[in-house]
Amino acid sequence: MSLTVELFDLPAHQFRVFWGASGSMWQSLWDRFLDFTGDNPLALWTVGSYVYTSLIYWSIGLAYTLLDVTGRPAVLRRYKVQPGTNEPVDPARLRTVIRQVLFNQFCTGLPLLFLMYYLLPGQTRDTIRQLPTFVTVVWQLGVCILIEEVMFYYSHRLLHDGRIYRYIHKRHHEWTAPIAITAMYAHPVENVLSNLLPIAVGVWTTGCHISVAWLWFTLAISNTLHVHSGYHLPLLPSPEQHDFHHLKFNQCYGVLGVLDWLHGTSEMFHRSKQARRDYIMTSLEPVRETHPDE
């Protein structure tokens, strides 16, 4: 074997060894989790997914809400996308948001989880027990991300059609400076069409393992909370595009921005000062200080 082949094979070999070891670790942790919760597929896909996604939504959402209500720690106010808005957030409006989100989660989210379970390929205790391979996780997540981008963009743009906007999507746009938990503050029809289905269809299409579904739910929910938060914090997804959407209404309909570029629905954004701030921060300096208003 030549030296060149050995040099290329060494990292590949080390990765296989590492993944094999970590895979065994994750499988062991998963088995312990199922020993505690039980491995009934119906219960895990429905009640388990409902509890898990609610915990993700409200743990991140309430952390932001405490910041909005108390203004503490004060140092984080430097990272506001729209300074002076929701400082503090109006309690009456906040209660309205919380009631609507809880209604949407229970009355639309839980039934959709039951539908998701019955539309998936046959689930057994054995298939629940066995975790998928790394390659399987990667391609299934990739498919879920692409499906969400397409479905969210077109359903979201449809909801902005003047003939139906005031009946459905206007509720979500009551917040021109959104806060995190307004991510699911929406008419129930919108919540199904534009929030839940773009996430669920990827799971149906790939027929993925429940662990991959939960990982996908975590990525999707945490991302929408961050981009609605009104804060551009270090190392977290940039909220600039979606915040601009709430500010201008007819720009930046998508998640990734690919379809906005293709359809020309982000041209105003790319000419704006917010576009210069649209990146993941790797320093502690707020983007508004790096790229101040002119």
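What counts, and at which threshold
Residues numbered from 1 in each chain as written. Predicted model: local features only at pLDDT ≥ 70, side-chain atom pairs only at ≥ 80, totals over all residues. Heavy atoms only, no water. Helix = DSSP H or I, 4+ residues; strand = E, 2+ residues; numbered from the N terminus. Contact = heavy atoms within 4.5 Å. Areas by Shrake-Rupley, 256 points an atom, 1.4 Å probe, with all protein chains shown as cover. Lys, Arg positive; Asp, Glu negative; His and termini not counted. Charge placed at Lys NZ, Arg CZ, Asp CG, Glu CD. Patch = residues over 30% accessible without salt bridge, like charges linked within 9 Å, V, L, I, M, F, W, Y side chains within 5 Å. Salt bridge = Lys/Arg side-chain N within 4 Å of Asp/Glu carboxyl O. UniProt positions renumbered as here; feature names shortened; annotations may be inferred. Axes fitted to C-alpha atoms, helices over the stretch in contact; angles between N-to-C directions. Parallel < 35°, antiparallel > 145°, perpendicular 65-115°, else oblique. Left-handed = near helix turned anticlockwise from the far one by under 90°. Nonpolar A, V, L, I, M, F, W, Y, C, P; charged D, E, K, R; others polar. Buried < 20%, exposed > 50% of the residue type's maximum accessible area, 1.4 Å probe, protein only. Polar contact = N/O pair within 3.5 Å; in protein donor to acceptor, adjacent residues only side chain to side chain. Core = buried A, V, L, I, M, F, W, Y, C linked by side-chain atoms within 4.5 Å.

Draft legend 1. How the structure looks around the overall build of the protein chain. When helices and strands are counted, the protein chain shows twelve helices and zero strands. Traced from its N-terminal end to its C-terminal end, the protein chain shows the element sequence α-α-α-α-α-α-α-α-α-α-α-α. In terms of overall dimensions, the protein chain has C-alpha extents of about 60 × 55 × 40 Å along its principal axes. Within the protein chain, residue pairs in contact and separated by at least 24 positions form 74% of the contacts whose partners lie at least 6 positions apart. About 15,300 Å² of surface is accessible on the protein chain, with carbon and sulfur atoms providing 67% of the total. Averaging the positions of the 22 positive and the 23 negative side-chain charges in the protein chain gives two centres separated by 9 Å.

Draft legend 2. Region of the structure containing a nonpolar patch on the surface. A surface patch of nonpolar side chains, amounting to about 390 Å² of accessible area, comprises Phe134, Val135, Val138 and Trp139. Of note, Phe134 is situated in helix α5 (residues 134–159).

Draft legend 3. Structural view of the UniProt feature "domain: Fatty acid hydroxylase" (unreviewed entry) in the protein chain. The UniProt entry lists residues 143–265 under the feature "domain: Fatty acid hydroxylase" (unreviewed entry), expressed in the numbering used here. Secondary structure content for residues 143–265 is 57% helix and 0% strand, while the C-alpha to C-alpha distance between its ends is 24 Å.

Draft legend 4. Highlighting the packing of α5 against helix α7 (residues 210–228). Packing of α5 against α7 leaves a shortest axis separation of 10 Å and a crossing angle of 45°. Overall, the two elements α5 and α7 adopt an arrangement that is oblique. The chirality of how α5 crosses α7 is right-handed. Contacts between α5 and α7 involve Val137, Gln140, Leu141, Cys144, Ile145 and Glu148 from the first element and Val212, Leu215, Trp216, Leu219 and Ala220 from the second. For the contact of α5 with α7, the class distribution of residues is nine nonpolar, one polar and one charged.

Draft legend 5. Summary view of the side chain of Thr206. The residue Thr206 is located in helix α6 (residues 188–206) in this model. A relative accessible area of 13% means that Thr206 is categorised as buried. A distance of 2.9 Å separates a polar atom in the side chain of Thr206 from the backbone oxygen of Gly202. When sequence neighbours within four positions are dropped, the list of residues in contact with Thr206 reads Trp139, Gln140 and Val143.

Draft legend 6. Region of the structure containing the environment of His172. The topology assignment puts His172 in the loop between α5 and α6. Those residues in contact with His172 that lie beyond four places of it in its chain are Thr182, Ala183, Tyr185, Glu190, His228, His242 and His246.

Draft legend 7. Expanded view of the pattern of salt bridges. Tallying each qualifying case throughout the model produces nine salt bridges. The salt bridge partner of Glu87 is Arg77, with a shortest N-O separation of 3.2 Å. Linking Glu87 in the loop between α2 (41–70) and α3 (91–119) with Arg77 in the loop between α2 and α3, this pair joins segments that are ten residues apart in sequence. The class for Glu87 is partly exposed, based on a relative accessible area of 32%. In this structure, Arg163 and Asp161 form a salt bridge, with 2.9 Å as the shortest nitrogen-oxygen distance. Within this structure, Asp31, Asp35, Asp39, Arg125 and Arg129 form a network of salt bridges that share partners.

Draft legend 8. Main features of the nonpolar core. The biggest cluster of nonpolar side chains holds 50 residues, and the ones touching the most others in it are Trp45, Tyr57, Met116, Val203, Trp216 and Phe217. Sorting the residues of this core by element identifies α1 (3–37), α2, α3, α5, α6 and α7 as the ones contributing at least two each. Examining the composition of this core, we find that nine residues originate from one element, α7, more than from any other. Not counting the four nearest positions on each side in its chain, Val203 is found in contact with Trp45, Met116, Leu120, Cys144, Cys208, Ala213, Trp216 and Phe217.

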